[in-house]
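# Geometric and topological summary
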Amino acid sequence: MKKLLSFLLLSVLVLALAACGTKDDANSSSDEGTKDDETKEKVTLKVGASHTPHAEILKKAKPILEKEGIELEIEEYQDYVLPNEDLNNGDLDANYFQHIPYLEQKVAEEGYDLVNAGGIHIEPIGIYSKKYKSLDELPDGATILISNSIPDHGRILSLLEAQGLIKLKDGIDKTKATLDDIVENPKNLKIEATDAPEMMVTYYENEEGDAVVINSNFAIDAGINPVKDSIAIEGSESPYVNIIAVRSGDENREEIKKLVEVLRSKEIQDFILEEWGGSVVPVSE
C-alpha cells in the first residue's frame, strides 16, 4: 500500500511539473511572439526637410508618430536640389520642403517619379525693404529683387499684381507667369531675378535694391518676422502649399498616410499657429 501511495504521489508531482513547464513554455513563446510582433510593426521613415519650419514641425510630430509605431528620422537640408534627388534615388522615404508648382517643374525637368502625398502648410511669400515702409513709398523706377527660382516667379508676380504694382496678361496660368507676361507696369519697376532663394535675405540685409522678395522659410530662419517686417505679404488663399512628396506609389503606404494625418492633426496645426504667429499657415487638404 505504501509503495502504491508513493507511486501515485510521484506521478502527480511529475504531471504537475510537466504542466508548469508547458505553461512556462507557452508564456515564453507568447512573450517572444509579442516581441517579434512589436519588432515587425516598427517602421522607420526617413524624411528630408528644410530646417525652418519643416524640420521643426516634424520634430514636434515625432513623438506622436512613435506612439503609432513609426520612428521618424529627419534629414535636414539647406538647399532645394538635393532633397528631390535623394528621394528619387531612394535615400529618403519622403521629403517636406517644397510647394506644388516647384515639385511639378522638377518632375518635368528631371524626370523624377515623385508625387504629392498631401499638403501641410503655406509659407506666405513677402516683400521687404529697409528703405521704405510701404509699397506706396516705392519711387518710379524702383528696383525689386527676386530669386532666380523660375517656379517662384509666377507666385511673386501674382503678389505684385495683387498689390496693384503690375498687371499680367489675361487668361494665363499665373502660377507659370514670367516677366514677359507683364503688360502694365505703371511705376516702371525694375524686377531683377538675381540669385537663389536662400540668398535673398542677404540682399535685404545689405540694403540692395529698393525692395526684396523673400520666401518665408528663409526669412524666419534669419530671424525676420514675415508678418511684422514685410511691407506686403501673400494671402492665405495661396495655391503654393508645402507638401509631403514621395516616390510614385508610396503615397498609398500606410505609414506615409499616417505621417500626413499627424501633420494635419489639430495638435500640430495649433503648434504651427502658435510658433510662427501667422508666418506659417496650416492647411487641412
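This report concerns the structure included in the present document. Residue numbering note: each chain is counted from 1, following its sequence as written. Selection of residues for local features in this predicted model requires a pLDDT of at least 70, selection of side-chain atom pairs for listing and counting requires 80 or more, and totals for whole chains, interfaces and linings are taken over all residues. As a rule here, side-chain values come from all non-hydrogen atoms in the structure, and water together with hydrogens is ignored.

## Describing the sheet that holds strand E10 (residues 211–214)
Going by this rule: We treat two strands as partners when DSSP finds at least two bridges between them. We count a stretch as a helix when DSSP gives it H or I for four or more residues in a row; a strand needs E for two or more, and each element gets its number in order from the N terminus. Note on contacts: a residue pair is in contact if any heavy atoms of the two residues lie within 4.5 Å. Structural elements are reduced to axes, namely lines fitted to C-alpha atoms, with helices fitted over the stretch in contact, and the angle between N-to-C directions of any two is expressed from 0 to 180 degrees.
The strand order across the open sheet formed by five strands is E9-E6-E10-E5-E11, and the pairing between neighbours is mixed. Two strands in the sheet have a free side with no partner beyond their single neighbour: strand E9 (190–195) and strand E11 (232–233). As defined by bridge partners, strand E5 (residues 126–128) adjoins E10 across three bridges and the pair is classed as antiparallel. The residue bridging Ile 127 from the neighbouring strand is Val 213, located in E10. Together, E5, strand E6 (143–147), E9, E10 and E11 form the strand contacts of helix H5 (residues 150–162), whose direction differs from that of E6 by roughly 145 degrees.

## Quick notes on the sheet that holds strand E1 (residues 43–50)
Strand order in the open sheet formed by six strands is E2-E1-E3-E12-E4-E13, and the pairing between neighbours is mixed. The sheet terminates laterally at strand E2 (70–77) and strand E13 (281–282), the two strands that pair on one side only. Looking at chain direction, E1 and strand E3 (residues 94–99) are connected through three bridges and run parallel. Within the sheet, the bridge partner assigned to Gly 48 lies in E3 and is Asn 95. Together, E3, strand E4 (114–122) and strand E12 (241–247) form the strand contacts of helix H4 (residues 100–110), whose direction differs from that of E3 by roughly 110 degrees.

## Digging into the nonpolar core
Nonpolar side chains tend toward joint burial in soluble globular proteins. To be explicit about the condition: Here, the term nonpolar core denotes a set of buried Ala, Val, Leu, Ile, Met, Phe, Trp, Tyr and Cys residues that are joined through side-chain atoms within 4.5 Å. Exposed residues in this analysis have more than 50% of their type's maximum accessible area, buried residues have under 20%, and partly exposed residues fall in between, with area computed by a 1.4 Å probe over protein chains only.
Counting residues in each nonpolar core, the largest one holds 27 residues, and the members touching the most others are Val 47, Ile 57, Leu 58, Ile 244, Leu 259 and Leu 263. Looking at which element gives the most residues to this core, the answer is helix H2 (residues 51–67), with six residues. In this structure Ile 57 touches Tyr 96, His 121, Leu 263, Ile 268, Phe 271, Ile 272 and Trp 276, once residues within four positions along its chain are discounted.

## A few points about unusual backbone geometry
The omega torsion of the bond from Thr 52 to Pro 53 falls at -5 degrees, within 30 degrees of zero and hence cis. With respect to the helices and strands, the residue Pro 53 is situated in helix H2. Within the chain, Asn 188 stands out as a residue other than glycine whose phi angle is a positive 55 degrees. Inspection of the secondary structure assignment puts Asn 188 in the loop between strand E8 (182–184) and E9. Even without glycine at this site, Glu 207 takes up a positive phi of about 60 degrees. By secondary structure assignment, the location of Glu 207 is in the loop between helix H6 (200–205) and E10.

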